[in-house]
Every structure is written in structure tokens, then in C-alpha cells.
Amino acid sequence: MAKITYIEHDGTEHVIDVKNGLSVMEGAVKNNIPGIDADCGGACACATCHVYVDEAFLAKTGTRSAMEESMLDFAEGVEENSRLSCQIKVSDDLDGLIVRMPESQH
Amino acid sequence: MRGRSLWSARSRSRRTSGPPLSKAWLKGEADADSLALKPLEFYAENGIDFRPGVRAVQLKRSDRVVVLSDGSTLNYDVLILATGARAFALPIPGADLAGIMALRTAADAEQLKAAIGPGKTLAVVGGGYIGLEVAASGRALGAEVVVLEREARLLARVACNALSDFFRSYHEARGVRFELGCSVVGFEGTDGRVSGVKLADGRVLPCDAAVVGVGAAPNDELAAEAGLATARGVVVDLDARTSDPNIFAIGDVAHRPMPIYDRMFRMESVPNALEQAKQAASAITGRPRPAGECPWQWSDQYDLKLQIAGYPFDADEIVLRGDPATAKFAVFHLKGNQLQAVEAINAPPEFMMGKQLILSRKAVDKARLADPSISMKEVAA
Ligand SMILES: Cc1cc2nc3c(=O)[nH]c(=O)nc-3n(C[C@H](O)[C@H](O)[C@H](O)COP(=O)(O)OP(=O)(O)OC[C@H]3O[C@@H](n4cnc5c(N)ncnc54)[C@H](O)[C@@H]3O)c2cc1C
Ligand code: FES
């Protein structure tokens, strides 16, 4: 279990307990948090689950796979700390994680 | 103002998503929680009266009433039909034996997972994308897998020869056997359980379970019986509205216009259902119609990520980009110099730029498209 703070583009914060094994994307979608579309349901096929990972957690959330890297290349407003949230698996290690959502996923 | 909405679903369980059934779920990589679309609390918290196990059996449009299978009725101001499609069953002897399933529900997938494993044989009837995904998952679970296909090649309805050949050799190299150009005429069983698939040439291929993936038909009977316009699905406009202004139809059940292809058709994909859901929601709440999207789909088999954008309608030329031997390539379908569709294997840039080009209808330079040393961003510039 990890407490994750999802921050919408307009600053609205949602703090959610997410079960280990789910992805950061699933934590948002299943709790109806707006801002992550996840059209492909986590298959790393759509790039509509883009988030910015808080700098303090960059190391813990791991590195982008080649597939994720090349999907992200086509998302809007990509930064150093951009990730596809369906590719980040939740574990106790991620307790306290903060992710911010971009203005739009399309 | 927030209206109340009511969902009714024929299946007894929570709403689950289709795609993982043939993929991660089958391989044991997803659990029931990740398969459910939303937790049960979600419905109550959002003013949605979710009634599992209840079926809509009749539509009385003149009274704006839906009759339910428990005998009760429901009044509506606006009605959305999202009844999906159901798998075609094969009208052949033995098709109702235990161990034969169409992968439509989580229960099907559970049954299949329990029936196969090392030392067991899985027969897959139908060499389309779902059949191939099931075949890959079957191998991952350790089962022997044989795929039976009526046509002379795999994916005959949807893919070009190059792609069919690629998938065939990729699966064969991972132990899947194919019987192409064969006709399944029946199933044989012992004690009520399937034990073999019978072919027109007289052979019987032994199996412990069989998955039938031979296409689906829209659940449009409710609409048709109520006199709504149907044509291989419920006919809708660009707002997902049916011939009755108070009724919308979205997803697999809808026969919808696709302006970029200048025609109407029915699609079976999650992005299509999502796009139409947005169209209907915008129309109902009086918001502007959302911009048109390029239809797309994906399929996961082994370590392959297949992403498909568009449909190859009226295409007169195929351009291959990259080498299939490297399992990283894309097949482009063009009509003149406009892109109609792309099938991208482990090639996200080709897919993502392809999607944009299909929607923009921009002219494409074929020679540059065929040259992987020129980036897709440059090709599309
Ligand atoms: C094994 C499998 C793999 C797939 N893989 C992919 C993929 O990789 N990518 C992709 O994009 N798409 C995939 N699809 C297709 C995708 O699942 C569908 O396009 C999508 O689910 C369509 O959504 P829908 O809401 O229109 O219909 P459905 O999801 O079929 O939902 C319809 C619901 O309506 C209920 N219902 C029907 N009639 C009634 C009635 N009279 N009263 C009450 N309830 C009723 C049904 O029980 C069902 O719950 C796959 C499908 C399957 C089966
Ligand atoms: S949900 Fe589609 S890429 Fe993450």
C-alpha cells in the first residue's frame, strides 16, 4: 500500500491509498480522479496516462522502458520527469509519491 | 445539476474490460480487481444505480420506458444503448460441450485458465487477433496450442500478406501449430467435456479445451424490435444519436459514420466506445461535438506490441517500413498519397504519426515513408 497524491493541472489534490501491484494509472482511474485518460487500459499503447513525477521520487519510480520512451515522445509537454503512469507499479516504496497531471492527455 | 443514471448489465459480476481477458488476465498477470472497470463504491458515490444481473428486455419508446427482466420498468428522458456485441457461436455438433468457450467474460477466462496448462492442449478456432492473443497466452501457460483457421492465411480479413506471414512465423517459432484453410465441422466429447475438434477432411484433433473466436454480432435486438433504424448495428449520427432523438447508441453495438472514410460501419474497440461515449455525453449536456478521432486498436502477443490505426478501406498501395525479420516494422495502407491505415509492430512512432496523418488526410511522400532512416516526424512534417 502507498499513499499517492495526484495533483490535477488546476492544482486540485487527491490523496489516495493505492494497493501494491496496481499501477499509478490504475490508482487514479479506479478512484475516478480526473486528468488521466488511460485509453488503452495500461498497455503502453496510447500515451494518455502522462504524469510528472515529483523529483524526490524519480529514482524510486524507476526508468522508462524503450517502448514507454518512444510513446512519450508523442505526448504534449514532455519533461525530464514525465512518465506514463501505467508503467509505474505501486509498492510500499512509493508511499508518499506525488504526481502531477498535464493540462491535457490528447 | 446531476441527473441519475442507471446501468443494468446482463452479467452477474461487475463490469469488466474485454482486452485483458485474452492477454494479462489469462496469463495470470492481472487480478479481478484490476479487471473490474470501477470499484463497486464508485457507482453509488456517483449517483449511478448499478443493477448487476438485470437485463433490459423491451423498449417502449412511445412511453419512454424500458422493461427489465425482473419485471420492473424504468422511465427515461435520455437512453443510451451500450449493449455491445456477442461472440458468434458455431452452429455445429458438440458446440455446447463443456470446455468450449468464447472469451467474452471473466468467467470464460477463469474456466479456460483452469482447463489448460502444461501437458494440456488448447484448440483455438479462428486466426484473428483475439485467437492469436489467446494462442500466445496459452503458450505462456505451458499448453500445447493449435489454431484452426478457415482462410488460407491468418488475419485474412484485416491484415495484408506480409503481416499474416509475420504473425504465422512468430507464433510457429514459439510452438503454436496452425491448420490453415481448414473447416471445423464439429466437436467430440467424453463425459460431456470436449476432447477433440473434428475437421471436414475427417481428422479429429485432440484437445482439452477450445476457444472459439470467429467474430461477433451486435446486440441490437432491443433497438430493432423498438423500430430504431439498424444496419448490422444501431444506426447513429456523429452525436451517437439513433433515429430516436432521445436514444443514443455507443460502442460495439453502434453502426456509426466515419467521415474520414466517407462511410458508416461498426467497430469493436475500446477507443471507439470511448469516443462515442464522449459524443453522446457532449450532445446530451449541450456541449460542442468533440473533434473526430482516428480509430485505433492494439494487440499484445508475446513481446510484440501491435498498434493499428485506421482501416485500410479503398487502399491501393502498401508501403513497408522497416524489416519484419527484426520484429520492428510498420505496414502503411495508402489510397493515392493519403494514409488510410497503419499496422505498427513494436513501432510506436509509426503508429502515433500514422494516426495523425490518417486524420489530417495530408499527402504523404511514399519514398520517404518507406525509408526508416528518415524519422516519422520528418516524414509527416
Ligand atoms: C477477448 C477480447 C479482447 C479484446 N481486445 C481488445 C483490444 O486489445 N483492444 C481494443 O480496443 N478492444 C478489444 N476488445 C474489444 C472491446 O472489449 C470492445 O470493443 C469494448 O468492450 C466495447 O464496449 P461496449 O461498452 O460497446 O460493449 P461491452 O463491453 O461488450 O459491454 C456491453 C454490456 O452490455 C450488457 N448487455 C447486453 N445486452 C443487455 C441487455 N439487454 N440488458 C442489460 N445489459 C445488457 C453486456 O452484458 C455487457 O456487460 C476485445 C474484446 C474481447 C472480447
Ligand atoms: S494507459 Fe495507455 S499508455 Fe498508459
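These figures come from a predicted structure and were not determined experimentally.

Visitor: Which parts of the structure should I look at to understand the overall build of chain B?
Guide: If you tally the helices and strands in chain B, you get 11 helices and 25 strands. In terms of overall dimensions, chain B is globule-like: its C-alpha atoms have a radius of gyration of 22 Å, near the 21 Å expected for 381 residues. Dimensions along the principal axes, computed over C-alpha positions, put chain B at roughly 65 × 60 × 35 Å. Sequence separation of 24 or more characterises 56% of the internal contacts of chain B that already satisfy a separation of 6 or more. Element-wise, carbon and sulfur atoms account for 51% of the exposed surface of chain B, whose accessible area totals about 17,400 Å². Averaging the coordinates of the 46 positive side-chain charges in chain B and doing the same for the 45 negative ones gives two points 3 Å apart.

Visitor: What's the story with the packing of aromatic side chains in this structure? I'm lost.
Guide: Under the counting rule described, the total for this entry stands at 13 aromatic pairs over all chains. When the ring of B:Tyr129 is compared with that of B:Phe167, the centres are 6.3 Å apart and the planes differ by 80 degrees; the resulting orientation is edge-to-face. Note that B:Tyr129 is positioned in helix H5 (residues 129–140) and B:Phe167 in helix H6 (residues 161–173), a separation of 38 residues in sequence. Pair check on accessibility: B:Tyr129 and B:Phe167 agree, each one buried. By way of ring pairs, the aromatic residues B:Tyr129, B:Phe166, B:Phe167, B:Tyr170, B:Tyr302 and B:Phe329 are connected into one cluster. Positioned above the aromatic ring of A:Phe74, the side-chain terminus of B:Lys377 is 5.0 Å from the ring centre.

Visitor: Would you take a moment to explain the state of the cysteines for this structure?
Guide: Two cysteines, two sulfur atoms, one covalent bond between them: this is a disulfide. For the structure on display, the rule yields zero disulfides over all chains. We note that A:Cys44 lacks a disulfide partner, and the nearest cysteine sulfur, in A:Cys86, lies 5.4 Å from it.

Visitor: Quick question: what am I supposed to make of unusual backbone geometry here?
Guide: All names here are of chain B. Non-glycine residue aspartate 314 carries a positive phi angle of around 55 degrees. A residue is classified by how much of its surface remains accessible, and aspartate 314, at 44% relative accessible area, is partly exposed. Positive phi values are uncommon outside glycine, yet alanine 327 reaches one of about 55 degrees. Examined against the element boundaries, alanine 327 turns out to sit in the loop between strand E23 (317–323) and strand E24 (328–335).

Visitor: Help me understand the sheet that holds strand E4 (residues 65–68) of chain B, please; the structure alone is not making it clear to me.
Guide: Within a sheet, neighbouring strands are paired by backbone hydrogen bonds and run either parallel or antiparallel to one another. Residues and elements named next belong to chain B. A sheet is described by the order of its strands in space; here three strands give the open sequence E3-E4-E5, paired in antiparallel fashion. Strand pairing shows two members of the sheet lacking a second neighbour, strand E3 (56–60) and strand E5 (73–75), which therefore form its edges. Neighbouring strand axes in the sheet, compared pairwise and without regard to direction, differ in orientation by 25 degrees on average. With three bridges joining them, E4 and E5 adopt antiparallel strand pairing.

Visitor: Sorry if this is basic, but what is going on with the pattern of salt bridges here?
Guide: A side chain with one charge can pair with a side chain of the opposite charge if their charged atoms come near. Across all of its chains, the model carries 21 salt bridges over all chains by this definition. In this structure, A:Lys3 and A:Asp17 form a salt bridge, with 3.1 Å as the shortest nitrogen-oxygen distance. Taken together, the positions of A:Lys3 in strand E1 (residues 2–7) and A:Asp17 in strand E2 (residues 13–18) put the pair 14 residues apart, joining distant regions of the chain. The partner of B:Arg266 in a salt bridge is B:Glu268, with the nearest N and O atoms 2.9 Å apart.

What counts as what
Residues numbered from 1 in each chain as written. Chains lettered and ligands numbered in written order. Predicted model: local features only at pLDDT ≥ 70, side-chain atom pairs only at ≥ 80, totals over all residues. Heavy atoms only, no water. Helix = DSSP H or I, 4+ residues; strand = E, 2+ residues; numbered from the N terminus. Rg over C-alpha atoms; globule rule 2.2 N^0.38 Å. Contact = heavy atoms within 4.5 Å. Areas by Shrake-Rupley, 256 points an atom, 1.4 Å probe, with all protein chains shown as cover. Lys, Arg positive; Asp, Glu negative; His and termini not counted. Charge placed at Lys NZ, Arg CZ, Asp CG, Glu CD. Phe/Tyr/Trp six-rings, centres within 6.5 Å; stacked < 30°, edge-to-face > 60°. Buried < 20%, exposed > 50% of the residue type's maximum accessible area, 1.4 Å probe, protein only. Lys NZ or Arg CZ within 6 Å of the ring centre and 35° of its normal. Disulfide = S-S within 2.5 Å. Pairing = 2+ DSSP bridges. Axes fitted to C-alpha atoms, helices over the stretch in contact; angles between N-to-C directions. Salt bridge = Lys/Arg side-chain N within 4 Å of Asp/Glu carboxyl O.

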